[in-house]
Amino acid sequence: MSHDIVDFETYRTEKFGSDRETARLELINGLSRPKARIAPKYFYDALGSKLFEAICQLDEYYLTRTEVAIFADHAAEIAEVVGPGTTLIDLGAGNCEKAARLFPALQPNHYVPVDISVEFLLRAVEALRKSYPQIPIHPVGFDFSESLALPAMVRKRSKKLFFYPGSSLGNFSPLQAAQFLTRIRAACGERGGALLLGIDLVKPVEVLDAAYDDALGVTAAFNLNALRHINRLLGSDFSVRDWQHKAVFNAAQSRMEMHLHARRDVTVTWPGGAREFSAGEGIHTENSYKYSRRAILDLLQRNGFGETSCWSDAESRYLVCHARTI
Ligand code: AVJ
């Protein structure tokens, strides 16, 4: 355990020494725009990660359980396509549950969970090591949305399988998604590698609305919790009570959007700055793009991945794809 912390700290200081300052500047930039916005990665502090786990248990949030069912129903075929002896690199591992469920079928040689929420990740890894003592686990804590600069001991491994489930690719704009896939392609190296992707599909708006504005209000809490996280990072004084969760489907862009709307006129201050919001004004906190099967296959093909195999559920709500580097 202590080995991981040292390992992580060393890596972080070398490569990402100014993470906190970068976050501060990025937040100030987003909050100061005419249309205020923050990146969805700010949902995921320790409480945010727990709230997301709770979202995954909601009836309305079909994504997680549909994906779980696809992986369970097609585990043998997926393992066949993947082949033996991979280094499984789990981007946004969270509680590592999804990858762990694939261990029996995939039998990876090595597991590399990557997540921005480090304490949460290390706790999950501790438990995982007890269940799978035979699989070497090398957790890495960093924000892979900006760069995929993995530690050398991971970089030099062959047969890399990047695992990017949970429709997280949907958080990127199509252009960012293309750039991200290109980075994964490069990180696979020249001896080839592959990507195992889970992505949400386009569907009737009522289903989407319910999934992003659930009856219990867990998604609202998840969205609002970003303000508490920002207060800690920025020293700002957001009062959660002043804000309201909004979810809306943007059909033109094929994306679900989450916003926080000011319930009254609000002034938010932080060391060195401030922003006024009038009642009803919003902060855009997330885009969750919904793809057609065609669109995702095109995106993969155009950005270095081919020989694609796909699996879906009976209602075509969700898609899992395996694609090799080309
Ligand atoms: C983890 C990005 C896939 O977009 O559905 C859940 C996050 N946002 N409820 C998604 C989320 C609102 C989620 N992803």
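Keep in mind the model is a prediction, meaning the values are calculated, not measured.

Parameters at a glance
Residue positions within a chain follow its written sequence, with the count starting from 1. Local features are withheld for residues below a pLDDT of 70 in this predicted model, meaning they are given only at 70 or higher, and side-chain atom pairs are given and counted only at 80 or more; totals for whole chains, interfaces and linings count all residues. Just so you know, side-chain values use all the structure's heavy atoms and leave hydrogens and water out. Each domain span listed reflects an automatic or database assignment of domains. Two residues form a contact once any of their heavy atoms are found within 4.5 Å. By buried area we mean the combined loss of accessible area, with a 1.4 Å probe, across both parts when two parts are placed together. The salt bridge criterion pairs a side-chain nitrogen of Lys or Arg with a carboxyl oxygen of Asp or Glu, the two atoms within 4 Å. Residues adjacent in sequence count toward polar contacts only when both atoms are side-chain atoms; beyond that, a polar contact is any pair of N or O atoms within 3.5 Å, and within protein one must be able to donate a hydrogen and the other to accept it. Secondary structure is summarised from DSSP: a helix means a run of H or I of at least four residues, a strand means a run of E of at least two, and numbering begins at the N terminus for each. Following the grouping adopted for this structure description, the nonpolar residues are Ala, Val, Leu, Ile, Met, Phe, Trp, Tyr, Cys and Pro, the charged ones are Asp, Glu, Lys and Arg, and the polar ones are all others, Gly among them. Residue proximity to a molecule or strand is established when one non-hydrogen atom of the residue lies within 4 Å of it. Computed with the Shrake-Rupley method and a 1.4 Å probe, the accessible areas treat only the protein chains shown as cover for residues. A pair of strands is labelled paired if DSSP reports no fewer than 2 bridges between them. The convention used is that axes are lines fitted to C-alpha atoms, helices contributing only their stretch in contact, and that angles between N-to-C directions extend from 0 to 180 degrees. The pairing test for Phe, Tyr and Trp rings, Trp by its six-membered ring, is centres within 6.5 Å, and the orientation test on the planes gives stacked under 30 degrees, edge-to-face over 60, and tilted for anything in between. Only protein chains enter the accessibility calculation, which uses a 1.4 Å probe; a residue is then buried when its area is under 20% of its type maximum, exposed when over 50%, and partly exposed in between.

The assigned domain composition of the protein is domain 1 (6-34 + 66-200 + 290-325) and domain 2 (205-289). For domain 1 versus domain 2, the distance between C-alpha centres works out to 26 Å. Contacts between the two partners involve 17 residues from domain 1, matched on the other side by 21 residues from domain 2. Considering only the side of domain 1, the residues that lose the most area to domain 2 are Leu27, Leu31 and Lys290, jointly responsible for 46% of the buried surface there. Along the contact surface separating domain 1 from domain 2 lie 0 salt bridges. For the pair domain 1 and domain 2, the interface holds 10 residue pairs in polar contact (both at pLDDT 80 or more). For the side of domain 1 that touches domain 2, the element with the most residues is helix H2 (residues 19-32), which contributes 6 residues. Split by residue class, the side of domain 1 that touches domain 2 holds 7 nonpolar, 4 polar and 6 charged.

This brings us to the site of the ligand. Taken together, 14 residues surround the ligand, and among them Tyr61, Gly166, Tyr212, Glu286 and Ser288 come closest. Between the ligand and Glu286 there is a distance of 2.6 Å, counted from a nitrogen atom to a side-chain nitrogen or oxygen. Burial of the ligand by the protein chains amounts to 98% of its free accessible area of 350 Å². Among the elements of the structure, helix H3 (46-55), helix H11 (218-234) and strand E9 (282-289) are those that each provide at least two residues to the shell around the ligand. Here the residues of the shell around the ligand are counted per class, giving 8 nonpolar, 5 polar and 1 charged. Each of domain 1 (6-34 + 66-200 + 290-325) and domain 2 (205-289) accounts for three or more of the residues forming the shell around the ligand.

The 6 strands are arranged E2-E1-E3-E4-E11-E10 in an open sheet whose pairing can be described as mixed. Because the sheet does not close on itself, it has two edges, and the strands there are strand E2 (110-114) and strand E10 (305-312). Put simply, the sheet's adjacent strands are angled 20° from each other on average, direction ignored. With 5 bridges joining them, strand E1 (residues 87-91) and E2 adopt parallel strand pairing. Within E2, the residue paired with Thr87 across the bridge is His110.

To continue, consider the packing of aromatic side chains. Within this structure, the stated rule accounts for 16 aromatic pairs. Summarising the aromatic geometry, the rings of Phe52 and Tyr61 are spaced 6.2 Å apart at their centres and angled 85° between planes, so their arrangement reads as edge-to-face. With relative accessibility at 23%, the residue Phe52 sits in the partly exposed group. Measuring from centroid to centroid gives 5.8 Å for Phe71 and Phe163, while their planes differ by 65°, and the two rings are edge-to-face. Placement of Phe71 in helix H4 (residues 62-73) and of Phe163 in strand E3 (residues 160-164) is noted, with a sequence separation of 92 residues between them. Judged by its relative accessible area of 0%, Phe163 is buried. Three or more aromatic residues link up through ring pairs in this structure, and these residues are Phe43, Tyr44, Phe52, Tyr61, Tyr212 and Phe222.

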